[in-house]
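Observations on the model geometry
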Amino acid sequence: MKKKALAAVLVAAVTMSMAGCGSKQAASTDGGSKTESEAGSDAAAADSGEKKTLRVGMECAYAPYNWTQSDDSNGAVPISGSSDYAYGYDVMMAKHICEELGWDLEIVKMDWDSLPTSVSSGAIDCAIAGQSITAKRLESVDFTDPYYYASIVTLVKKDGPYKDAKGLADLKGATATSQINTVWYDTCLDQIEDVNKLPAYETTGTMLVSLESGACDLICTDQPKTTCFFMYRKPTAMAACVAYPDMEMLDFSSSDDNYQVSDEEINIGISVKKGNQELVDEINSVLEKMTKEDYEQMMNEAISVQPLSE
């Protein structure tokens, strides 16, 4: 009887322990946080030999870096909690990192503004989302080495009044906008003399549709004609010109009359939770093996297959 009682106690204890370890709360796409057991799941997986899963957050609406599509064509990855798939440069990079490190990959779709808090809370392991490595962002998250090097350019309509601009001086008085919480909107637009700065957009897709539809390029009977143009990193502008042939990219990098930005503001990195040096080192071990040509080939492939609606 004593042996049976002892066995029952042991079974109950093991069952309670397993229930506790299994009380994982799925992170929501709006940036919900993990439970304590989820936060320690990576360590448990390592101890048990279980394959680690890297949870990567991104907008899935920022071509050519990332976008949403309805199928797995070209190697797209399922979006967590959705029937849709994600693809683009960021997804390709996330896949490459996981393949090199022997990890599984999970893509979590979330709003741009929620990425830093989701990284900090542990809802996602990292954000691979075309983020510049700015001093402001470094206050709340850590970054890996850059996984892309970009430049700031301007996108206009080919038939617009600023199509022949050779520098910032030629953009004087223009009506301009960009994406919220970006170096383009916060730093670059204010460098244009007499700029008419419109409210920022949530996504690049809405900006492109606005420009393409003429919503920001119109004539009012009692107002002067204005043109809406957007600040982009070069890959985004290149992708936009593929999707919208009537758009033109203006690059002032060879001129003295260019946007003044620091290297940190145009270098694109992967953000991780503050103090998680182990993950930074692991990802950097993959990035340090890649060349500039690797990055460019990957970006060109992303641009070639991006949805035209992005």
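Our structure is the block above this text.
These remarks concern the structure in this document. What you are looking at is a predicted structure, and each value in this text was computed from that prediction instead of being measured.

What to know about the packing of helix α4 (residues 89–101) against helix α12 (residues 292–305)
Packed helices, taken two at a time, are described by the angle between their axes plus the distance between the axes. Between α4 and α12, whose axes approach to 9 Å, the crossing angle comes to 130°. Looking at the two axes, α4 sits oblique to α12. In terms of crossing hand, the pair formed by α4 and α12 is right-handed. Here Tyr 89, Met 92 and Met 93 of α4 lie close against α12, whose contacting residues are Tyr 295, Met 298, Met 299, Glu 301 and Ala 302. Of the residues that constitute the contact of α4 with α12, the class distribution is seven nonpolar, no polar and one charged.

Details of the packing of aromatic side chains
Taken as a whole and assessed by the stated rule, the structure comprises seven aromatic pairs. Of note, Lys 52 hangs over the ring of Trp 103, and the distance from its end group to the ring centre comes to 4.1 Å.

With respect to the nonpolar core
Nonpolar side chains tend to gather and get buried jointly when the protein is soluble and globular. Counting residues in hydrophobic clusters, the biggest one holds 68 residues, and the most contacted among them are Tyr 65, Tyr 89, Met 93 and Tyr 147. Sorting elements by how many residues they give to this core places α4 first, with seven residues. The contacts of Met 93, once residues within four sequence positions are left out, are Tyr 147, Leu 287, Met 290, Tyr 295 and Met 298. Ranked by size, the runner-up nonpolar core spans nine residues in total, among them Leu 208, Leu 211, Ala 240 and Ala 243.

Brief notes about the environment of Glu 59
Position of Glu 59 relative to the elements: it lies in the loop between β1 (53–58) and β2 (67–69). As a C-alpha pair, Glu 59 and Gly 130 span 71 residues in sequence and 9.6 Å in three-dimensional space. Dropping the residues within four chain positions of it, Glu 59 is found in contact with Asn 66, Lys 109, Met 110, Asp 111, Trp 112, Gln 179, Glu 202 and Thr 203.

Brief notes about unusual backbone geometry
Going from Ala 63 to Pro 64, the amide bond is cis rather than trans, its omega being 10°. Relative to the helices and strands, Pro 64 is located in the loop between β1 and β2. If you check the backbone angles, Cys 60 has positive phi at about 60° while not being a glycine. Its location among the elements puts Cys 60 in the loop between β1 and β2. Residue classification places Cys 60 among the buried residues on the basis of a relative accessible area of 1%. Although it is not a glycine, Asn 74 adopts a positive phi angle of roughly 65°. The residue Asn 74 is located in the loop between β2 and β3 (77–78) in this model. Judged by relative accessible area, Asn 74 falls into the partly exposed class, the value being 47%.

How each quantity is defined
Residues numbered from 1 in each chain as written. Predicted model: local features only at pLDDT ≥ 70, side-chain atom pairs only at ≥ 80, totals over all residues. Heavy atoms only, no water. Axes fitted to C-alpha atoms, helices over the stretch in contact; angles between N-to-C directions. Helix = DSSP H or I, 4+ residues; strand = E, 2+ residues; numbered from the N terminus. Parallel < 35°, antiparallel > 145°, perpendicular 65-115°, else oblique. Left-handed = near helix turned anticlockwise from the far one by under 90°. Contact = heavy atoms within 4.5 Å. Nonpolar A, V, L, I, M, F, W, Y, C, P; charged D, E, K, R; others polar. Phe/Tyr/Trp six-rings, centres within 6.5 Å; stacked < 30°, edge-to-face > 60°. Lys NZ or Arg CZ within 6 Å of the ring centre and 35° of its normal. Core = buried A, V, L, I, M, F, W, Y, C linked by side-chain atoms within 4.5 Å. Buried < 20%, exposed > 50% of the residue type's maximum accessible area, 1.4 Å probe, protein only.

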